[in-house]
Amino acid sequence: MKELKIQPIKDGTVIDHITAGNAVKVLHILEIPKTSSSIVSVAMNVKSRLGKKDIVKVENRELDTNEVDKIALIAPKATINIIREYEVAEKHRVKLPDEIIGIVRCSNPTCVSNSSEPVKSRFKVISKDPTRIKCYYCEREPEDIAERII
Amino acid sequence: MFFFLIKMNFKGKDIISIKDFSKKEINYILSHSKKMVPYAKGERCTDILKGKVLSSFFFEPSTRTRLSFESAMNRLGGRVIGFADPTATSQKKGESLADTIRMADSYSDVIVVRHPQEGAARLAAEFADVPVLNAGDGAGRHPTQCLLDLFTILIEKKKIEKNNIVLLGDLKYGRTVHSLAYALSLFGTELTFVSPENLKMPKEIVQECRELGVEPKHTSNLEKAIKDADVLYVTRIQRERFPDAEEYNRVVGTYRVDNDLLKQAKENLIIMHPLPRITEIHPEVDKTPHALYFKQAFNGVPVRMALLSLVVGGKL
């Protein structure tokens, strides 16, 4: 009998098509499990039609679309599936928001956002494809975004 | 050339980066600056900012920017509070910039801030309800210097467009040239960057010029670049921006503008410099008609008068 590595969930959110190897960073960006006591399942390097991918399942919690969209920074092809009674009730692709706050550290060591001032890092998204962001404070563009996730 | 411009409302606006302004808005500020010239020279008097207070907070040394802001506020009939030495303030006790700005916000009607960290003025604007003017943040932006540079070119050349402008010196750490390269590209000038190899213009600035339709030329050969130049903008190699003294010593003195070099220049070439200069322009050049840097320094007063009056809301 074929056995599923991860069981389907009754209610909650499935983040599918995460760039392979980035699931943990996705959880970090979404502050899971810090913001939730839900059961979270992570599958990494799952075979798919387009190669390997990661999957995250969060039970009994429907993640807010705007909140999840910020993972597009490191997983631009990810899809969000809202599950109700084992069925996909809603499905959409992540879309990078216009502003990224408190997720990426500025690459400029003398940027005021890297000091002890009471502000979070803040970036304007200047291009969604390819992803380009610019520091709201010092206007520098980091090249290695994935490496600068706080 | 000054055109008739539709009235724009700048009241309460922060002046943080030249990139926050359109070409139309820049033209409006420059037009307003021209009206301020007789007041800046003391030929006429005004008290349009009577009863208003400027907080002048300089966390880094400055001569021209600080004094011209203070002169501008005084010429407009306002008053100035503040400091030029942060060691005599609560910063020394570890107070954050955010808290210092919150205080200034309750004491004054407008804040001018210079700070060693990039983005500090943007942060200050977040914590202040009154308008904040960036007087230089680290190696980042210096929008009022940029506006006075544009004003100088406009006054001397009658137009900004279509001039061949050479930016010379420390193009890597020099904040004035970063803002200026962007603004000149907005106006569609020709740009040539002349610098030592390790002080080249950062690629993101070059990219911004390209996005505005200007393809800057790069060279380390000043003799060649000066032949076709209408404006030569010279910058100091800034010791304080270098991470180590060895790197500084390798490049200081690479370029020197003197009368011998100027023999190859156009008769109407103007030489600008944000000052202070050290050795990059020989004092013998000061007496030539090319030397515009002291007039440029004066232009800081009418331009800053225009900005203060526009953001605080005084009308001539």
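Note that this is a predicted model, so its numbers are computed, not measured. (Residues numbered from 1 in each chain as written. Chains lettered and ligands numbered in written order. Predicted model: local features only at pLDDT ≥ 70, side-chain atom pairs only at ≥ 80, totals over all residues.)

A. Spatial organisation of the interface of chain B and chain A. Contacts between the two partners involve 13 residues from chain B and, on the opposite side, 16 residues from chain A. Mapped by element, the contributors of at least two residues to the side of chain B that touches chain A are α3 (97-107) and α4 (120-127) of chain B. No other element matches the 3 residues that α4 of chain B contributes to the side of chain B that touches chain A. By residue class, the composition of the side of chain B that touches chain A is 4 nonpolar, 6 polar and 3 charged. (Contact = placed C-beta atoms within 7 Å. Helix = DSSP H or I, 4+ residues; strand = E, 2+ residues; numbered from the N terminus. Nonpolar A, V, L, I, M, F, W, Y, C, P; charged D, E, K, R; others polar.)

B. Representation of the sheet that holds strand β4 (residues 79-84) of chain A within the structure. Residues and elements named next belong to chain A. What the 5 strands build is an open sheet, ordered β2-β3-β1-β4-β5; its pairing is antiparallel. Where the open sheet ends on each side, the last strands, each with one partner, are β2 (40-48) and β5 (87-93). Across this sheet, the average inter-strand angle for adjacent strands is 20 degrees, counted without regard to direction. (Pairing = 2+ DSSP bridges. Axes fitted to C-alpha atoms, helices over the stretch in contact; angles between N-to-C directions.)

C. Looking closely at the pairing of strand β5 (residues 164-168) of chain B. All names here are of chain B. With 4 of 5 residues buried, β5 is to be regarded as a mostly interior element. The sheet contact formed by β5 and strand β6 (residues 190-194) spans 5 bridges and is parallel. Residue pairing in the sheet places V166 in a bridge with T192 of β6. Crossover β5 to β6 through helix α6 (residues 175-186) is right-handed. Where β5 meets strand β8 (residues 231-234), 4 bridges bridge the pair, whose relative direction is parallel. Considered in β8, the bridge of V166 is made with L232. (Buried ≥ 20, exposed ≤ 12 C-beta atoms within 10 Å, placed from the backbone. Right-handed = clockwise from strand over helix to strand, strands pointing away.)

D. Quick look at the sheet that holds strand β9 (residues 270-272) of chain B. Residue and element names in this part refer to chain B. Ordered by their spatial adjacency, 5 strands build an open sheet running β7-β6-β5-β8-β9, and the pairing between neighbours is parallel. Single-partner strands in this sheet number two, and they are β7 (217-219) and β9. Averaged over all neighbouring strand pairs, the angle between strand axes comes to 20 degrees, with direction disregarded.

E. Quick look at unusual backbone geometry. Of the consecutive residues D129 of chain A and P130 of chain A, the connecting peptide bond is found in the cis state with omega at 0 degrees. If you trace the backbone, P130 of chain A turns up in the loop between β7 (122-128) and β8 (131-135). At the junction of L275 of chain B and P276 of chain B, the peptide bond is cis and its omega measures out at 5 degrees in the coordinates. When you line up the elements, P276 of chain B lands in the loop between β9 and α11 (293-312). Look at L275 of chain B: it is not a glycine, yet its phi comes out positive at around 60 degrees.

F. Region of interest: the confidence of the model for chain A. When pLDDT is averaged along chain A, the result is 88; 97% of the residues meet or exceed 70. Mean pLDDT in chain A bottoms out at helix α2 (residues 65-69) of chain A, which sits at 78, and peaks at β4 of chain A, which reaches 94. (pLDDT = per-residue confidence, 0-100.)

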